[in-house]
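Inside the fold
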Amino acid sequence: MDLPLLLSELTRGEAREVAARALVVLPTGATEQHGPHLPVGTDSLSVEAVARGAAAAARPAVPALVAPTLAYGSSPHHLPFGGTMSVSTETYYRLVCDLLESLVAGGFRRVFIVNGHGGNSELVQLAARDVALRHDVAVAAGSYWTIAWERLTAAGAGRAGHLPGHAGAFETSLVAALRPELVREPRPARELDERASPPMPADPYRVELHGFWQRIDGYSDSPASASAADGRRFLEAAVAGVAEALASFYARAAAAQGEGAP
């Protein structure tokens, strides 16, 4: 059968038919405040576009299916601003595990979680590890900006502000490219500091400061410097980077599971 891109468009019989050879791509986002200028669905909107674009680009070498986006995440740090729908750390971890277990029960053996919200990053990786320990399956998990870091930095994503930041120039550019009518004006502006373009995708250790998000009014760097043109370039880089990761993971999983290319 010709494989549709979206898992939600398959019947149960069709899903069973392709499960053993398919790679399910699970986008994980959030519903949370994104400053005074972006919609609360920013993370889900962005990661869904990247996941679908990457899955389409990886074909026909990778029989990728994109699952419905998980639009709720671990976002308790954004609750004080309003507009945020969050689940607890424990609930989110169990939710992702349950979704993975459901796919395993349906016969799927390869899943790649493409994450679009920083607060989910560690939890999706833990869920991937634990489900793969319990079952003979291959599971990968990572945030799209980390997966495509080299391509994104080459495209200039770290020059305008933090990568990925939060509701700053990077995310505002993405929304301006995807849904320009959702970017409210005027966009806030800030003076940038020397940390705006970090040389590495992650700091060597994690720091959490009580009240940090309130002090920066819920957004990073300077959204006023965003543009739709930048957003289109960043999306292209993210899609290409994630598509490469899907192909690499699929080949590695197939080899480990004693199978060749489809």
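Here the structure is a predicted model, which means the values were calculated and not measured. (Residues numbered from 1 in each chain as written. Predicted model: local features only at pLDDT ≥ 70, side-chain atom pairs only at ≥ 80, totals over all residues. Heavy atoms only, no water.)

1. A look at the packing of aromatic side chains
Note on aromatic pairs: each is described by the distance of the centres and the angle between the planes. In this structure the tally under the stated criterion is four aromatic pairs. Measuring from centroid to centroid gives 5.1 Å for Tyr 144 and Trp 145, while their planes differ by 75 degrees, and the two rings are edge-to-face. In this structure, Arg 190 packs its charged tip against the face of Tyr 219, placed 3.9 Å from the ring centre. (Phe/Tyr/Trp six-rings, centres within 6.5 Å; stacked < 30°, edge-to-face > 60°. Lys NZ or Arg CZ within 6 Å of the ring centre and 35° of its normal.)

2. A look at the side chain of Gln 33
Structurally, Gln 33 can be placed in the loop between strand S1 (23–28) and helix H2 (42–58). A distance of 2.8 Å separates the side chain of Gln 33 from the backbone nitrogen of Gly 35, its partner in a polar contact. Engagement of the side chain of Gln 33 in a polar contact is seen with the backbone oxygen of Gly 218, the distance being 3.0 Å. Every residue in contact with Gln 33, bar those within four places of it in the chain, is listed here: Val 40, His 78, Phe 81, Gly 82, Gly 83, Thr 84, His 166 and Gly 218. (Helix = DSSP H or I, 4+ residues; strand = E, 2+ residues; numbered from the N terminus. Polar contact = N/O pair within 3.5 Å; in protein donor to acceptor, adjacent residues only side chain to side chain. Contact = heavy atoms within 4.5 Å.)

3. Section: the pairing of strand S4 (residues 138–143)
Along any regular strand the residues' side chains alternate between the sheet's two faces. Burial analysis of S4 places five of its six residues in the buried class, which makes it a mostly covered element. For strand S3 (residues 110–115) and S4, the ladder comprises six bridges, and the chain directions are parallel. Paired with Arg 110 across the two strands is Ala 138, which belongs to S4. After leaving S3, the chain enters helix H4 (residues 121–134) and then returns to the sheet as S4, a path that is right-handed. (Buried < 20%, exposed > 50% of the residue type's maximum accessible area, 1.4 Å probe, protein only. Pairing = 2+ DSSP bridges. Right-handed = clockwise from strand over helix to strand, strands pointing away.)

4. Describing a nonpolar patch on the surface
A surface patch of nonpolar side chains, about 440 Å² in accessible area, is lined by Tyr 205, Val 207, Leu 209 and Phe 212. You can see Val 207 is positioned in the loop between helix H7 (169–178) and helix H8 (212–215). With a relative accessible area of 52%, Val 207 lands in the exposed category. (Patch = residues over 30% accessible without salt bridge, like charges linked within 9 Å, V, L, I, M, F, W, Y side chains within 5 Å. Areas by Shrake-Rupley, 256 points an atom, 1.4 Å probe, with all protein chains shown as cover. Salt bridge = Lys/Arg side-chain N within 4 Å of Asp/Glu carboxyl O.)

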